[in-house]
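The primary structure of each chain is shown beneath.
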Amino acid sequence: MDRLISPKNSQKIMKTIFWGSGILTILLLLLIIGYVLYNGLPVINLTFLFSDPIDSGRAGGIFPMIVSTFYVTFVAVVVAAPLGIGGAVYLAEYAGESKLVKLIRFGSETLASIPSIVFGLFGYAFFVIYLGFGFSVLSGGVTLALMALPTILRTAEVSIEAVPKSYSEGSMAIGATKWQTIYEVILPAAVPGIITGIILGMARAMEETAAILYTVGAALTVPVSIFDPARPLPLHLYTLATEGISMPNAYGTAAVLVILILIITIVTNTLLDRYTKKMMGR
Amino acid sequence: MPYRIEVQDLNVYFGESHILNDINININKNKVTSLIGPSGCGKSTFLRTLNRMNDTISTFKKKGSVLLDSQEIYEAKVDVVELRKRVGMVFQKPNPFPKSIFDNVAYGLKIHGLKDKEVLAKKVEESLKAAALWDEVKDKLEMSAMGLSGGQQQRLCIARTIAVEPEVILMDEPCSALDPISTTKIEDLIHKLKHDYTIIIVTHNMQQATRVSKYTAFFLNGEIVESGLTDKLFIEPEDKRTEDYITGRFG
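Thresholds applied
Residues numbered from 1 in each chain as written. Chains lettered and ligands numbered in written order. Predicted model: local features only at pLDDT ≥ 70, side-chain atom pairs only at ≥ 80, totals over all residues. Helix = DSSP H or I, 4+ residues; strand = E, 2+ residues; numbered from the N terminus. Rg over C-alpha atoms; globule rule 2.2 N^0.38 Å. Buried ≥ 20, exposed ≤ 12 C-beta atoms within 10 Å, placed from the backbone. Contact = placed C-beta atoms within 7 Å. Pairing = 2+ DSSP bridges. Nonpolar A, V, L, I, M, F, W, Y, C, P; charged D, E, K, R; others polar. Core = buried A, V, L, I, M, F, W, Y, C linked by C-beta atoms within 7 Å. Domains from an automatic or database assignment.

### Considerations on the overall build of chain B
Within chain B, the regular secondary structure consists of ten helices and ten strands. In terms of overall size, chain B behaves like a compact globule, its C-alpha atoms giving a radius of gyration of 18 Å where 251 residues would be expected to give roughly 18 Å. Structurally, chain B occupies a C-alpha span of about 55 × 45 × 35 Å along its principal axes. Relative to its full complement of 251 residues, chain B shows a buried share of 47%. Counted over contacts in chain B with a minimum sequence separation of 6, partners at least 24 positions apart contribute 68%.

Set out below in structure tokens:
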């Protein structure tokens, strides 16, 4: 029988297509990071990193923005991580398959697909105005927590469910309670996945602009109290670029943000790798 | 001598399906009892009824009684946690926790409230010695148990079980995932352990049943067809079905 393309050739063609898509993805990533670094790195020096901005950011540095980023992200993780992990433990270990569970899952997935500007508006209406948190680290942090929550919840749930059932059977058979089993056996085994989820959620919070636009304020000084206004890096970048204040400094800010996220990702990946190796005896 | 376990008119259901039908059997103290029979005949379900592991399955229902030291284990006042401490279990596939060798054995002791580090270390050593694993692991107690071979993992699981000093050890085909040499080691271990523990072992290997056990029960379609002394059951079975099974005519 005559075929247009022989199986051998179709295999070759498909392999090339898949290989090509893989390479293209990596190239695009490198291109974006490279572009930001190429334009941003020349601006970065110790003064840029460790001094206050002068004249709305036309000169000076971005120290308050770096602090703001960590501060707001910290608040977001402190709020979202316990909620997310708690919810995941409930869904994976206690809930079974009830209507409530389906509702929680549906809610969490919907939450994940809401545009971030909507989170921003909600945060403004609810945290800033209604609860009276004002434009502050707290308002921005909890708004970001809402955004990071679905990521953390879902990733943690999946990694808890991926822990082999034989572990919990072994633990129960020795007379451990359900909670002892969860705390001593299941959670430690799920830690790598849970941390990955937290880091993903955290990166999302760190990079977010729209959600903090209406919640965190626009201070150019280092926030001290949780009720102080702040200006995380993405927001500063947004302001510098859209208001035409300083493109070089906007690139510098972007480069710092990208580098921070790269460092966090690489460090946690290395630590998790080490943890997994130790746990699994490899 | 009173029996360690007495099972009377036990019926087990998972939802609509009737898994065990009128089971009556007495298990002797500090002896090994084998449960044999083809796959799906209810041996494992029966085993898991004895430490109430079936309780975790929502459709599980049972009738009849199971007495441990003349005490009903399905009474409302019985603490399942305490029961499982007294009736340990070793699974078909070795299932050590992804923790260090030491922590695997110490786990049961810790969750039952033992904190003293010296006592812990002593008990861990004793348990590993009793499970014939100490010499192989004494220099690497802090290493992950996941790095051990399958046979070592299974002996570790036995050590983990005996660390909490149970009276009964249930073994659900403990050698089915192991090579012949590891299997021999586990069987030797069973011979050693029977002096201190009542052992009930599910096995598909009839030679294993004759090698390790004093008593044997033959399960078929959720019923016990025949039970008694292993020697008698294998040499002159009373029931035609037992004879067919042990001579390899089916199963």
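### Overview of the overall build of chain A
Of the regular secondary structure elements, chain A holds eleven helices and two strands. Start at the N end of chain A and walk to the C end: the helices and strands fall as α-α-β-β-α-α-α-α-α-α-α-α-α. Residues counted as buried form 40% of the 282 residues belonging to chain A. Pairs at least 24 apart in sequence give 75% of the contacts found in chain A among residues at least 6 apart.

### Let's talk about the sheet that holds strand 2 (residues 17-27) of chain B
Residue and element names in this part refer to chain B. Here four strands make up an open sheet; going across it, the order is 2-1-4-5 and the pairing antiparallel. Bordering the open sheet on either side are strand 2 and strand 5 (71-72), each of which pairs with just one other strand. Relative to strand 4 (residues 60-68), strand 1 (residues 5-14) is paired through eight bridges, and the arrangement is antiparallel. The partner of Asn11 across the bridge, within strand 4, is Lys63.

### Description of unusual backbone geometry
Unusually for a residue other than glycine, Asp55 of chain A sits at a positive phi of about 55°. Assignment of secondary structure puts Asp55 of chain A in the loop between strand 1 (53-54) and strand 2 (59-60). Positioned with a positive phi, Arg52 of chain B is a non-glycine residue whose angle comes to about 55°. By the element assignment, Arg52 of chain B lies in the loop between helix 1 (43-50) and strand 4.

### A closer look at the pairing of strand 9 (residues 215-220) of chain B
Residues and elements named next belong to chain B. Most of strand 9 is tucked away: six of the six residues are buried. With burial as the criterion, each face of strand 9 is covered, one bearing Tyr215, Ala217 and Phe219 and the other bearing Thr216, Phe218 and Leu220. As paired strands, strand 3 (residues 32-36) and strand 9 are joined by four bridges and run parallel to one another. Opposite Ser34, over in strand 9, you have Thr216 as the bridge partner. Bridging between strand 9 and strand 10 (residues 223-229) involves six bridges; their strand directions are antiparallel. By the bridge assignment for strand 10, Ala217 is matched with Ser227.

### Looking at the interface of chain B and chain A
If you look at the interface, chain B gives 26 residues, while chain A gives 18 residues. At the level of elements, helix 2 (80-86), strand 6 (87-90), helix 3 (101-111) and helix 6 (150-163) of chain B are the ones that each hand at least two residues to the side of chain B that touches chain A. By residue number, the principal contributor to the side of chain B that touches chain A is helix 2 of chain B, which donates four residues. For the side of chain B that touches chain A, the per-class residue count stands at 13 nonpolar, eight polar and five charged.

### A short note on the nonpolar core
Formed by 123 residues in total, the largest nonpolar core has its most connected members in Val72, Ala76, Leu144 and Ala148 of chain A together with Ala159, Leu170 and Ile199 of chain B. The element that contributes the greatest number of residues to this core is helix 6 (residues 137-161) of chain A, accounting for 13 residues. Residues contacting Ala148 of chain A, with those up to four places away along its chain left out, are Ala76, Ala80, Gly201, Met202, Arg204 and Ala205 of chain A. Ranked by size, the runner-up nonpolar core spans 14 residues in total, among them Ile66, Leu233, Leu240 and Ala250 of chain A.

### Remarks on the domain arrangement of chain A
Accessible area lost on assembly of the parts is the figure often given for the size of an interface. All names here are of chain A. Taken domain by domain, chain A comprises domain 1 (11-43) and domain 2 (46-280). Placing the centre of domain 1 and that of domain 2 at their C-alpha centroids yields a distance of 27 Å. Tallying the contact residues gives seven residues for domain 1 and eight residues for domain 2. Per-class residue counts for the side of domain 1 that touches domain 2 are five nonpolar, two polar and no charged.

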